[in-house]
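# Inside the fold
What follows is the residue order along each chain.
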Amino acid sequence: MASNEQGQSGLDVQPKMSINKAAEFLGISVQAVHRKLKAKNLVCPKIGNKAFITQEIARPLFELKFKNKIIAGQIVKGGTGKTTAIDNIACCANSFGAKVLLIDIDPQGNLTDAHDVDADELPVLVDFIQEGIKVSDGIVNVSPGLDLIASRIENVVLDNILMLKKMNLEKVFHNIFKSVIKDYDFIFIDCPPTMGASVTAATLFCDLILAPLNPDKFSAKGLKILKSEVKNIDDQYDKDIPYKVFLNKFSGNTILSDKAIATIIADPDMEGRALQTAVRYGQEIPNATDANKSLFSSLKKSTLRDDFEALTMELLEIKSPRSNSRATSGKASSKKRAMEEAV
Ligand SMILES: Nc1ncnc2c1ncn2[C@@H]1O[C@H](COP(=O)(O)OP(=O)(O)OP(=O)(O)O)[C@@H](O)[C@H]1O
Ligand SMILES: [Mg+2]
């Protein structure tokens, strides 16, 4: 692995969890969390005098058994929040102790930029395929338990290469990544807003597609395209690829958001596919992106952080080791109720 000297590695960008949040998650008091930490000889880093939890602490503290998954953020409609969702869900999972690999296959390289990684000197997907470069040579460690395979504009030829070389789209990702899959609890692939061979290959490799929908008048169209593209792949490859959708840039007070929920719920194909958690619209997202951070890089409370936390727990089935403790924050639960009532 190329240990990353170049990304913004360091405590500043590393996903974090407050001790209060850990206590809420474990269903115990803050004092009991401190006792647990001490008993396990875990020493938390601090900002000022405020101790917090990072991936290296969360893993032995929570001892969660993650349900391993490969998830591709994918929908042809651009700008709905694929990269934002993939990044924040990955960082949130990491804050619970998960080992995560982010794979950027979008030639725009937005996920790569989000981690301030300069892909110029790094092998990217097209190099693994064309040059036979080992995938481990392209893995950048962004922060403990959080790795990235970067992308740059050269990946724009991926679709052509996969087609010209007549590569087996069902196997190509597996063959490239098989040596590292076991190293991670979760692998997230950030796809471009297109439906070429590279996205098909990612779709055939993943366990689940995650598609953010926006509450605008194009949401129904986005959903329709997603359904037909997955059906095409299912038919062609005799598969039944699972996909889940969630509402991003949601605003509880707008008719458009209500309409979007109604569209999703009224669609019989969406049964069991619509995640209950919606992510609200919030300035925190562009602000965090601008600072090359995720919402989980700081301990600052925010509604968007609550939303992504609830979404991550729902999507990745992260549950408190104490079955009777509350798995989601109060705010997220009340929003779930609001969505259910909106139906
Ligand atoms: N919940 C949100 N609230 C506010 N802004 C958001 C939210 N989610 C995403 N955004 C903003 O929307 C824009 C598009 O998001 P993002 O880049 O994640 O979309 P994308 O689907 O990956 O786009 P593309 O199709 O180009 O890859 C970005 O400016 C991002 O900051
Ligand atoms: Mg994107």
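This text goes with the structure placed above it.
The following refers to the structure shown.

## Re the site of ligand 1
Around ligand 1 lies a shell of 19 residues, among which Lys82, Thr83, Thr84, Asn248 and Arg280 are the nearest. Between ligand 1 and glycine 81 there is a distance of 3.0 Å, counted from an oxygen atom to a backbone nitrogen or oxygen. Between ligand 1 and threonine 84 there is a distance of 2.5 Å, counted from an oxygen atom to a side-chain nitrogen or oxygen. In the complex, 82% of the free accessible area of ligand 1, which totals 630 Å², lies under the protein chains. Applying the majority rule of atoms within 2 Å of the grid points places ligand 1 in the largest pocket. Of all the elements in the fold, those that place two or more residues in the shell around ligand 1 are helix H4 (82–95), strand S10 (243–250), strand S11 (279–280) and helix H12 (284–290). With 3 residues, H4 is the largest single contributor of residues to the shell around ligand 1. Partitioning the shell around ligand 1 into residue classes produces 6 nonpolar, 9 polar and 4 charged.

## Considering the sheet that holds strand S4 (residues 69–73)
Strand order in the open sheet formed by 8 strands is S6-S7-S5-S8-S4-S9-S10-S11, and the pairing between neighbours is mixed. Among the strands making up the open sheet, the edge pair consists of strand S6 (139–143) and S11. Across 5 bridges, the pairing between strand S9 (residues 208–213) and S10 is parallel. Pairing of proline 212 across the sheet is with phenylalanine 246, part of S10.

## What to know about the nonpolar core
Counting residues in hydrophobic clusters, the biggest one holds 57 residues, and the most contacted among them are Ile53, Phe62, Ile89, Phe96, Phe188, Phe308 and Leu316. The leading source of residues in this core is H4, at 7 residues.

The rules behind the values
Residues numbered from 1 in each chain as written. Chains lettered and ligands numbered in written order. Predicted model: local features only at pLDDT ≥ 70, side-chain atom pairs only at ≥ 80, totals over all residues. Heavy atoms only, no water. Near = heavy atom within 4 Å. Polar contact = N/O pair within 3.5 Å; in protein donor to acceptor, adjacent residues only side chain to side chain. Areas by Shrake-Rupley, 256 points an atom, 1.4 Å probe, with all protein chains shown as cover. 1 Å grid on protein atoms, 1.4 Å probe; cavity = no way out; pocket = protein on both sides within 12 Å on 5 of 7 lines; lining within 4 Å. Sits in = over half its atoms within 2 Å of the grid points. Helix = DSSP H or I, 4+ residues; strand = E, 2+ residues; numbered from the N terminus. Nonpolar A, V, L, I, M, F, W, Y, C, P; charged D, E, K, R; others polar. Pairing = 2+ DSSP bridges. Core = buried A, V, L, I, M, F, W, Y, C linked by side-chain atoms within 4.5 Å. Buried < 20%, exposed > 50% of the residue type's maximum accessible area, 1.4 Å probe, protein only.

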